[in-house]
Every structure is written in structure tokens, then in C-alpha cells.
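The primary structure of each chain is shown beneath.
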Amino acid sequence: MAECTPIIAGNWKMFKTSVKAKDLVSALLPLVEKSSHCQVVVCPPFTALCEVATLVDSTPVCLGGQNCYHEDEGAFTGEVSPVMLKEVGCEFVIVGHSERRHYFGETNEGVNRKIKALYLHGLKPIVCVGETLEQRKAGSTTDVVTEQIRICLNDLPSEKLTDTVIAYEPVWAIGTGVTATPEQAQEVHALIRNLLGEMFDDEITSAMRIQYGGSVKPDNIKDLMVQEDIDGALVGGASLDAESFARIVNYNQ
Ligand code: PGA
């Protein structure tokens, strides 16, 4: 792990009504409120953001959105803007998740537009990248991830970059129960760190946090977190249960 505060985020995806979200956060807070070794983020669906915002207010737990559109407002039916996310109390927003790329046709260029829009409103992006199984088997992981990083992070103001989080999520490990081995994850994290080094100065490169995501569980988090370039985790399924997410957050105990 690099010399920065690790960040562990729960991506709830399209799970939890606002009533269930309230139960989950109420159960989670007492389990993680003393976890000062890392930053904790929960990313509920849009409909539960207000409810969760009230509960995490004045606690160390931060709120995140799962997506946004790149305009402030307008005739974009079904979309949610950074201004709206900021107003309800979000600090982070996930962009470019592989499910968004796969089911909703998101592109690296679109992710770049979203990051710029988030910066305008003081929001911190969690930028997801990662290769599919076919791409890994074809030996193109390096090329795919390099292209994703170069385009998504193209032409960004350097003063905002240190607050930007990268999430390396191999698509074949998401929701499958198959985690990348710590060595496989570290290999791509080191590649990403090198790329950041080519694009930005040393201070930014070492401050930017790179999370691993893809079937992170209480029993594999420790081995992932000891890797040099793994600075946290983006957790899907295991974040839907307070106890399992808390065990992940408290990986140091
Ligand atoms: P998972 O999801 O932990 O359920 O594999 C991770 C993610 O998609 O962010």
C-alpha cells in the first residue's frame, strides 16, 4: 500500500430501497465509526441517497453516487447531474463502471466528460477501469487498461487529480466470486501507477489512490491490501451486508 489513507467503498448497485438502505446504514455505522485507518464510502442507489445522507451526516462515513450525467441540467430524461448529487451530500461519484460500459454503452470519452463535470462541482470521481475475460485471455489487458486510463484522464486540471480515485475492476472478477489473485491485481495496479507517473507529476501519482474491485470479501481483503499499489477496495455484493462490509473495512484488525 502506498503512503496514503486507504479508501474502501461499497457499491450497492441496484439493491436496497430507501427503507432497506436505512437499515443497512444503521447497522453499519456502529461497526465502522472508529475505523480511522481508512476512508469509508457508501454508494446507494439515487433513490436512497437522501435517507443515507441524513444518517451518515456528522459521521466519518462518506456518501457517493453510482453514476452521473455530464451536464448540470436539461432535457435528459432519466439522468442525474453532479449538481444534484452534490446537493444531497455526495462527496464521491463512481464513473465508468463496467456494468455502465456493458449495458449502457458508456465510453472512455464519456467518462472523461463526466469527470470534468464532477470537478466543476467539487465532487471526487471513482474512475473504473478493467479488462474482460476475452481481453485477458487474448493478452491485451495492458493495452485495454492503458487506453482506458489515458482517455478517461485526458486533459484534466492537475489540482483536482489527487482527489480522484481509480478502481481497477477486472470484469471477469465482478460478481463472479472469482477474485484476481493479489499478484494479478498488483501487476495491473503497478501498471496504472506507472501510467499515472507518465501523465502526471510524482506528487499527484503517489497521492492518487487505486482501489481493487471484483469479488472482494472479508476473507481476501487482507491479502489484497498488503500489495504495494493497492490502496483500497470497491466492494459490490459484500457491501450489502453490514457485518461483511465492516469486516472488509476493518481488515487491519
Ligand atoms: P462485486 O462487485 O464485489 O460484487 O464483485 C464489485 C463492483 O462491481 O464494484
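As a reminder, the structure under discussion sits directly above these lines.
The paragraphs below set out a description of the structure included in this document.

Parameters and conventions
- Residues numbered from 1 in each chain as written.
- Predicted model: local features only at pLDDT ≥ 70, side-chain atom pairs only at ≥ 80, totals over all residues.
- Heavy atoms only, no water.
- Pairing = 2+ DSSP bridges.
- Helix = DSSP H or I, 4+ residues; strand = E, 2+ residues; numbered from the N terminus.
- Axes fitted to C-alpha atoms, helices over the stretch in contact; angles between N-to-C directions.
- Contact = heavy atoms within 4.5 Å.
- Near = heavy atom within 4 Å.
- Polar contact = N/O pair within 3.5 Å; in protein donor to acceptor, adjacent residues only side chain to side chain.
- Nonpolar A, V, L, I, M, F, W, Y, C, P; charged D, E, K, R; others polar.
- Phe/Tyr/Trp six-rings, centres within 6.5 Å; stacked < 30°, edge-to-face > 60°.
- Buried < 20%, exposed > 50% of the residue type's maximum accessible area, 1.4 Å probe, protein only.
- Salt bridge = Lys/Arg side-chain N within 4 Å of Asp/Glu carboxyl O.
- Left-handed = near helix turned anticlockwise from the far one by under 90°.

**Quick notes on the sheet that holds strand β4 (residues 92-95)**
Sheets are built from strands paired through backbone hydrogen bonds, the pairs being either parallel or antiparallel.
Phase 1: Reading around the circumference, β1-β2-β3-β4-β5-β6-β7-β8 is the order of the 8 strands in this closed barrel, with parallel pairing throughout. Taking the axes of each pair of neighbouring strands and ignoring which way they run, one obtains an average angle of 25 degrees across the sheet.
Phase 2: Relative to strand β2 (residues 39-43), strand β1 (residues 7-11) runs parallel, the two being bridged by 5 bridges. Paired with isoleucine 7 across the two strands is glutamine 39, which belongs to β2.
Phase 3: Contacts between helix α2 (residues 49-56) and the sheet are confined to β2 and β3 (61-65), with β3 contributing the most and set at about 165 degrees to the helix.

**Looking at the site of the ligand**
Phase 1: By nearness alone, 13 residues border the ligand, and Lys13, His97, Glu169, Gly175 and Ser215 come closest of all.
Phase 2: Within the side chain of lysine 13, one N or O atom sits 2.7 Å away from an oxygen atom of the ligand.
Phase 3: A distance of 2.7 Å separates an oxygen atom of the ligand from a polar atom in the side chain of histidine 97.
Phase 4: Partitioned by chemical class, the residues of the shell around the ligand number 4 nonpolar, 7 polar and 2 charged.

**A closer look at the packing of aromatic side chains**
Phase 1: Tallied over the entire structure, the rule returns 3 aromatic pairs.
Phase 2: Their ring planes at 65 degrees and their centres at 6.4 Å tell us that tyrosine 103 and phenylalanine 104 sit as a pair that is edge-to-face.
Phase 3: Overall, tyrosine 103 belongs to the exposed group, its relative accessible area being 61%.
Phase 4: Using a relative accessible area of 53% as the deciding quantity, one classes phenylalanine 104 as exposed.

**What to know about the pattern of salt bridges**
Proximity of charged atoms lets side chains of opposite charge pair with each other.
Phase 1: In total, this model carries 9 salt bridges according to the counting rule given.
Phase 2: Between arginine 100 and glutamate 106 there is a salt bridge, and its shortest N-O distance comes to 3.1 Å.
Phase 3: You can call glutamate 106 buried: its relative accessible area is 14%.
Phase 4: Measuring nitrogen to oxygen at the nearest pair gives 2.7 Å for the salt bridge that ties glutamate 131 to arginine 136.

**Examining the pairing of β3**
Consecutive side chains along a regular strand alternate between the two faces of the sheet.
Phase 1: Within β3, 5 of the 5 residues are buried, leaving the element largely enclosed by the surrounding structure.
Phase 2: On β3, burial covers both faces: Val61, Leu63 and Gly65 on one face and Cys62 and Gly64 on the other are all buried.
Phase 3: For β2 and β3, the ladder comprises 3 bridges, and the chain directions are parallel. Pairing of valine 41 across the sheet is with cysteine 62, part of β3.
Phase 4: Inspection of the sheet shows β3 paired to β4 by 2 bridges, in the parallel sense. Pairing of glycine 64 across the sheet is with phenylalanine 92, part of β4.

**Re the packing of helix α5 (residues 108-120) against helix α7 (residues 141-152)**
Phase 1: It is at 8 Å that the axes of α5 and α7 come closest, and there the two elements cross at 35 degrees. Judged by the twist between their axes, the crossing of α5 over α7 is right-handed. Of the residues in α7, those touching α5 at Asn108, Glu109, Val111, Asn112 and Ile115 are Glu147, Gln148, Ile151 and Cys152.
Phase 2: Partitioning the contact of α5 with α7 into residue classes produces 4 nonpolar, 3 polar and 2 charged.

**Some words on the environment of serine 244**
Phase 1: As for its placement among the helices and strands, serine 244 is situated in helix α12 (residues 242-249).
Phase 2: Put simply, serine 244 and proline 218 are 26 residues apart on the chain and 6.2 Å apart in space, counted from C-alpha to C-alpha.
Phase 3: Apart from residues lying up to four places away in sequence, serine 244 is in contact with Pro218 and Ala238.

**Some remarks on the side chain of glutamine 186**
Phase 1: By the element assignment, glutamine 186 lies in helix α9 (residues 182-199).
Phase 2: Residue classification places glutamine 186 among the buried positions, given a relative accessible area of 15%.
Phase 3: Those residues in contact with glutamine 186, other than ones at most four positions away along the chain, are Gln227, Glu228, Asp229 and Ile230.

**A look at α12**
Phase 1: In terms of burial, α12 is largely enclosed, as 6 of its 8 residues are buried.
Phase 2: The complete set of buried residues in α12 reads Ala242, Ser244, Phe245, Ala246, Ile248 and Val249.
Phase 3: Contacts made by the buried residues of α12 are with β1, α1 (18-32), β2, α11 (221-225) and β8 (232-235).

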